[in-house]
There are 2 protein chains.
Amino acid sequence: MATGRTHRPATRSRGIPEATVARLPLYLRALTALSERSVPTVSSEELAAAAGVNSAKLRKDFSYLGSYGTRGVGYDVEYLVYQISRELGLTQDWPVVIVGIGNLGAALANYGGFASRGFRVAALIDADPAMAGKPVAGLPVRHTDELESIITDNGVSIGVIATPAGAAQQVCDRLVAAGVTSILNFAPTVLSVPEGVDVRKVDLSIELQILAFHEQRKAGEETTQPAATPSRPGAHARAAAGAGSRKGPDGDVPAVMPA
Amino acid sequence: MATGRTHRPATRSRGIPEATVARLPLYLRALTALSERSVPTVSSEELAAAAGVNSAKLRKDFSYLGSYGTRGVGYDVEYLVYQISRELGLTQDWPVVIVGIGNLGAALANYGGFASRGFRVAALIDADPAMAGKPVAGLPVRHTDELESIITDNGVSIGVIATPAGAAQQVCDRLVAAGVTSILNFAPTVLSVPEGVDVRKVDLSIELQILAFHEQRKAGEETTQPAATPSRPGAHARAAAGAGSRKGPDGDVPAVMPA
DNA sequence: GTTTGTGAACAGTTTCACAGCT
DNA sequence: AGCTGTGAAACTGTTCACAAAC
């Protein structure tokens, strides 16, 4: 998923489709790996396989960037790496702050892929005074009091929130007030931000729940639904309904997963 | 987002749209909060605001589950909590293993929201023998050798991979061979899995790159942007020449392949 | 009067299949 | 021959707007 509220009204007459943007990093990673193995060119078929998509989609995606391939040959790896990097804005350096240096914040700070491409951890910030000064991933943790000055002094426009849910909105507000316009939120909360600020969220429990949904489908084709449905407070059981009303709490029994 | 799911022709004639499934956990979280405040009913408008979506979408989403609201009134909170939980498969318990107990794995193990709803950490697994037996989040870390027996003994069908990228595919293969059919992958790699296995991935650096894309765009379109554009690493000389050969945003220049 | 549930219109995304370049 | 680039078709997802239910 993506941006919280406040997304441009898809006024994308001149832009790249959002779905394509979301795949460019994937292509870039695959291309970087090829580049490191000194592979000079790659076909849409090969690159698509490496990125885990199909080749028609990949070609369509690239067509939004320009005609960067050569018919009968494929794509030049180095050239594509550069073009995609530029398109994603990775030819410049993005200072990032991480707020909330608990288990997760520390993990993020230590994450190598962070610095590797365009991003630089400008500061680690935590509300706990006991954390202040302690080094994490080679950086001293700074106290929340310094948040605003850190942001302005470093020209930070991207913030990562790894605090408990209860603190997230407040931290978000302060980040935004200080000038941050893109936020990556790991806290399990819906953040509200003013127009013009992008929010992306990463949420473990949502991902697990989506997996559970599909898992249940796989298992439950014949194994029934457990338990009974508690009666509905305001309404009557509509379970009867021979026609029309296609829904109902009972099994949906779709023909899914053909072996 | 981003199921790396194996290509299924979406045989879902009678199922719930994927986009809807992905939002159900969001609704559930908002409803749970209302439930804890003993709010008895909620309108689509209110609930939508709490979940960060618009009300038409929410009503459409719920319509796939059934007619669970009351016109003129709204939705009964407790009843909806139950229905969504059941739909997501959270009325049963899902044992989960986490493989790779580094910074991130430990963070995940400690994540409270894990156990809170339907999920239970059955085991923490790491390849480092020095880790074996050490308690993390109250559980002793087990060695990778035990992976298969842990999976089968506990009937684990959901696995979380938090290993380095290099180990992820191998771990994935072992998980799948042992019976896991849903995987949440935190390693920055494309996993390949057999038909019938679901993969979802969470990738920090992809999220950041997407943010950078939009951030760059903000800086470009309107005026402003307080400098904050440090050095450029190894930008190619052609940078000034415009985007590419096609009808890009600006000048059209014949394709230039780098030597 | 209020609010749901939903067909219909619209928008975005993926896939197909092939023309056109190398 | 091989492979890209892209219109058109097919599909999925979102928004609109209003009749039906309370």
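Basis of the calculations
- Numbering of residues starts from 1 in every chain and runs along the sequence as written.
- Labels are handed out in written order, letters beginning with A for the chains and numbers beginning with 1 for the ligands.
- Given that this is a predicted model, residues contribute local features only at a pLDDT of at least 70 and side-chain atom pairs are listed and counted only at 80 or more, while totals for whole chains, interfaces and linings are drawn from all residues.
- For side-chain calculations, the full set of non-hydrogen atoms in the structure is used, while hydrogens and water are omitted.
- To qualify as a helix, a DSSP run of H or I must reach at least 4 residues; to qualify as a strand, a run of E must reach at least 2; elements of each kind are numbered from the N terminus.
- In this scheme, a residue with accessible area under 20% of its type's maximum is buried, one over 50% is exposed, and one in between is partly exposed, where area comes from a 1.4 Å probe on protein chains only.
- Contact criterion: two residues are considered in contact whenever any of their non-hydrogen atoms come within 4.5 Å of each other.
- Note on areas: Shrake-Rupley with a 1.4 Å probe; residue coverage comes only from the protein chains shown.
- Under the convention used throughout, the expected extent of a helix is 1.5 Å for every residue step, that is, one less than its residue count.
- Here a residue counts as near a molecule or strand whenever at least one of its heavy atoms sits within 4 Å of it.
- Residues adjacent in sequence count toward polar contacts only when both atoms are side-chain atoms; beyond that, a polar contact is any pair of N or O atoms within 3.5 Å, and within protein one must be able to donate a hydrogen and the other to accept it.
- Each residue gets one label: Ala, Val, Leu, Ile, Met, Phe, Trp, Tyr, Cys and Pro are nonpolar, Asp, Glu, Lys and Arg are charged, and the others, such as Gly, are polar.
- When a carboxyl oxygen of Asp or Glu is within 4 Å of a side-chain nitrogen of Lys or Arg, the pair counts as a salt bridge.
- UniProt positions are given in the numbering used here, feature names are shortened, and annotations may be inferred rather than shown by experiment.
- As used here, the arc is the angular range of directions from the helix axis to the C-beta atoms.
- Paired strands are those between which DSSP finds at least two bridges.
- Convention adopted: a line fitted to C-alpha atoms gives each axis, helices being fitted over their contacting stretch, and angles between N-to-C directions are expressed from 0 to 180 degrees.
- Pairs were defined over the aromatic rings of Phe, Tyr and Trp, the Trp ring being its six-membered one, requiring ring centres within 6.5 Å. Orientation was assigned from the angle between planes: stacked under 30 degrees, edge-to-face over 60, tilted for the rest.

**Student:** Go over the overall build of chain A, please, and point to the residues and values.
**Tutor:** Of the regular secondary structure elements, chain A holds 9 helices and 10 strands. Per-residue burial over chain A gives 48% buried out of 259 residues. Long-range contacts, defined here as pairs at least 24 residues apart, represent 58% of the contacts in chain A between residues at least 6 apart. Entry remark: accessible area of chain A is about 11700 Å², with carbon and sulfur atoms responsible for 54%.

**Student:** Outline helix H9 (residues 204-219) of chain A, listing residues and values.
**Tutor:** Here H9 of chain A contains 16 residues, and its C-alpha end-to-end distance of 22 Å stays within 8% of the 22 Å for a straight helix at 1.5 Å per residue. Counting buried residues along H9 of chain A, 14 of its 16 residues qualify, which places the element largely inside the surrounding structure.

**Student:** I'd love a proper account of the protein's contact with DNA strand D, names of residues and values included.
**Tutor:** Around DNA strand D, a shell composed of 25 residues is seen, among which Ser44 and Tyr75 of chain A together with Arg23, Asn54 and Arg71 of chain B lie nearest. Close to the protein, within 4 Å, the atoms of DNA strand D belong to sugar or phosphate groups at a rate of 64%. The separation between a base nitrogen of DNA strand D and a polar side-chain atom of Lys60 of chain A is 3.2 Å. One of the side-chain N or O atoms of Asn54 of chain B is found 2.7 Å from a phosphate oxygen in DNA strand D. Mapped by element, the contributors of at least two residues to the surface near DNA strand D are helix H3 (55-65), strand S2 (69-70) and strand S3 (74-76) of chain A together with helix H1 (18-36) and helix H3 (55-65) of chain B. Looking at the surface near DNA strand D residue by residue, the classes come out as 6 nonpolar, 9 polar and 10 charged.

**Student:** Tell me about the pattern of salt bridges, residues and numbers included.
**Tutor:** As enumerated under the stated definition, the model contains 17 salt bridges over all chains in all. Residues Glu148 of chain A and Arg174 of chain A are paired through a salt bridge, measuring 2.8 Å at the closest nitrogen-oxygen approach. Pair noted here: Glu148 of chain A is in helix H7 (residues 147-154) and Arg174 of chain A is in helix H8 (residues 165-178), with a separation of 26 residues, a long-range link. For Arg174 of chain A, a relative accessible area of 27% corresponds to the partly exposed category. A salt bridge links Asp198 of chain B to Lys218 of chain A; the nearest nitrogen and oxygen atoms lie 3.8 Å apart. Residue Asp198 of chain B is found in strand S10 (residues 198-201), and its partner Lys218 of chain A is found in helix H9; the two belong to separate chains. Its relative accessible area of 4% is what places Asp198 of chain B among the buried residues. In this structure Lys218 of chain A comes out as partly exposed when scored by relative accessible area, which is 23%. Connected via shared salt-bridge partners are Asp198 of chain A together with Glu215 and Lys218 of chain B.

**Student:** So what about the UniProt feature "binding site: NAD(+)" (unreviewed entry) in chain A? Which residues, and what values?
**Tutor:** According to UniProt, the positions carrying the feature "binding site: NAD(+)" (unreviewed entry) are Gly100, Ile101, Gly102, Asn103, Leu104 and Gly105 of chain A. On the secondary structure map, Ile101 of chain A appears in the loop between strand S4 (94-99) and helix H5 (103-110). Among all residues touching Ile101 of chain A, those that are not within four sequence positions of it are Ala106, Leu124, Ile125, Asp126, Met131, Val136 and Val141 of chain A. Secondary-structure assignment places Asn103 of chain A in helix H5. Leaving out residues up to four positions away in the same chain, Asn103 of chain A has contacts with Asn103, Ala106, Ala107 and Asn110 of chain B.

**Student:** So, H7 of chain A: which residues are in play, and what are the values?
**Tutor:** All names here are of chain A. Along H7, the residues that are buried comprise Leu147, Ile150 and Ile151. Across the axial projection of H7, the buried residues extend over an arc of 95 degrees, all falling on one side. For H7, the exposed residues set more than 90 degrees away from the buried face come down to Thr152 and Asp153. Where H7 is buried, its residues meet S4, strand S5 (119-126), strand S7 (139-143) and H8.

**Student:** Describe the UniProt feature "DNA-binding region" (unreviewed entry) in chain A, with residues and values.
**Tutor:** Residues given the UniProt feature "DNA-binding region" (unreviewed entry) here are residues 26-65 of chain A. The span residues 26-65 of chain A is 75% helix and 5% strand, and its two end C-alpha atoms sit 15 Å from each other.

**Student:** Describe the sheet that holds strand S1 (residues 41-42) of chain B, naming the residues involved and giving the relevant values.
**Tutor:** Residues and elements named next belong to chain B. Here we have 3 strands laid out as an open sheet, ordered S1-S3-S2, and antiparallel in their pairing. Each edge of the sheet is formed by a strand with only one pairing partner; in this case those strands are S1 and strand S2 (69-70). Of the pairings in the sheet, the one linking S2 to strand S3 (residues 74-76) comprises 2 bridges and is antiparallel in character. In the strand pairing of S3, Thr70 is matched with Gly74. Across the sheet, helix H4 (residues 77-88) lies against S1 and S3, angled at about 70 degrees from S3, the strand it touches most.

**Student:** Quick one: what's the story with the packing of aromatic side chains, residue by residue and with numbers?
**Tutor:** Residues and elements named next belong to chain A. In this structure the tally under the stated criterion is 6 aromatic pairs over all chains. With a centroid separation of 5.5 Å and 85 degrees between ring planes, the pair formed by Tyr68 and Tyr79 is classed as edge-to-face. Here the residue Tyr68 occupies a position in the loop between H3 and S2, and Tyr79 occupies one in helix H4 (residues 77-88), the gap between them amounting to 11 residues. Given the relative accessible area of 3%, Tyr79 is considered buried. Following the ring pairs from residue to residue traces out a cluster consisting of Tyr27, Phe62 and Tyr75.

**Student:** Could you give an account of the environment of Arg200 of chain A, with specific residues and numbers?
**Tutor:** Within the element layout of this structure, Arg200 of chain A appears in strand S10 (residues 198-201). Overall, Arg200 of chain A belongs to the buried group, its relative accessible area being 2%.

**Student:** Report on the side chain of Thr20 of chain B, specifying residues and quantitative values.
**Tutor:** All names here are of chain B. With respect to the helices and strands, Thr20 occurs in helix H1. Polar contacts involving the side chain of Thr20 include one to the side chain of Asp61, which spans 2.6 Å. In this structure Thr20 touches Asp61 and Tyr64, once residues within four positions along its chain are discounted.

**Student:** Run through the pairing of strand S5 (residues 119-126) of chain B, naming residues and quoting values.
**Tutor:** Residues and elements named next belong to chain B. Across the 8 residues that make up S5, a large majority, 7, are buried. By the bridge criterion, 6 bridges tie strand S4 (residues 94-99) to S5 in an arrangement that is parallel. Bridged to Val97 within S5 is Ala123. Sheet topology note: the S5/strand S7 (residues 139-143) ladder contains 3 bridges and is parallel. Counted as the bridge partner of Leu124 is Val141 from S7.

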